[in-house]
Amino acid sequence: MTDFLIYDLKVALLIAVFYMFYRLMLAHETFHRVNRIVLLLTAVASYVLPLCVITYHKTVVMHQAPLVTIDGLQATVYEPSSTPWWQVALPILFIIGASIALGHTLCSLFRIIRLINHSEQHPQDDGTIVCVTGNATISPFSWMHYIVMNRSDYDISDAAILAHERGHIRLRHSWDLILVDTLTALQWFNPAIWMLRSDLRAIHEYEADGAVLSQG
């Protein structure tokens, strides 16, 4: 477990460095597709690069443990090693944090699936499905190929809302969220991954708005 925590710390450092580069060089640009790709590559590359290990050979001299003679017999004496408290506490703390973050993501996904399954579904010609729910507090959103909205928004039939949500679906933003939310669960202690996640969601909205503007 200690090796995994060291690996995760290397990932955290890479995410922080790459994200800082993004904020300084690209965050203020309006090339939303490029920014989206950069953020996704930042998240994935930060997990892959620490696995690229450069091996080299080194001669190590092994020292033999002292021998103790007891009634003519020789026995090797090994001194017991005590485990530092932090090597026990840190894995436990990491597992608790990751479980909470991953559990929150799974609960949100479960609520979306349950909401879709209990909604009134209207298949569309483009392959999307409009799901109408009786909960008036639900704001329109999309998940995979589903568009969820409340009854009043559906009755209005606002073309801009549908175009916006279809933009999310066409650009496959749901898959981005699944990937980043999963990686965030393993980096729950890292502020950089949370900021990256927030920026990615904002870029999704810009891209979906661009889909609306492209239709006039």
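Above this text sits the structure in question.
Residues numbered from 1 in each chain as written. Predicted model: local features only at pLDDT ≥ 70, side-chain atom pairs only at ≥ 80, totals over all residues. Heavy atoms only, no water.

A short note on the side chain of H168
Mapped onto the elements, H168 comes out in helix 5 (residues 159-170). Judged by relative accessible area, H168 falls into the buried class, the value being 8%. Looking at H168, its side chain comes within polar contact range of the side chain of H164, at 3.1 Å. (Helix = DSSP H or I, 4+ residues; strand = E, 2+ residues; numbered from the N terminus. Buried < 20%, exposed > 50% of the residue type's maximum accessible area, 1.4 Å probe, protein only. Polar contact = N/O pair within 3.5 Å; in protein donor to acceptor, adjacent residues only side chain to side chain.)

Notes on the environment of G216
Residue position: G216 is located in the segment after helix 7 (191-214). Between the C-alpha atoms of G216 and A160, which are 56 residues apart in sequence, the distance is 9.5 Å.

A short note on the sheet that holds strand 6 (residues 146-150)
Taken in spatial order, the four strands of this open sheet run 3-4-6-5, and their pairing is mixed. The open sheet is flanked by strand 3 (120-123) and strand 5 (141-143), the only strands paired with a single partner. Within this sheet the neighbouring strands show an average axis-to-axis angle of 25°, counted without direction. Bridge count between strand 5 and strand 6: three bridges; the pairing is antiparallel. Residue F141 lies in a different strand from strand 6, and its bridge partner there is V148. (Pairing = 2+ DSSP bridges. Axes fitted to C-alpha atoms, helices over the stretch in contact; angles between N-to-C directions.)

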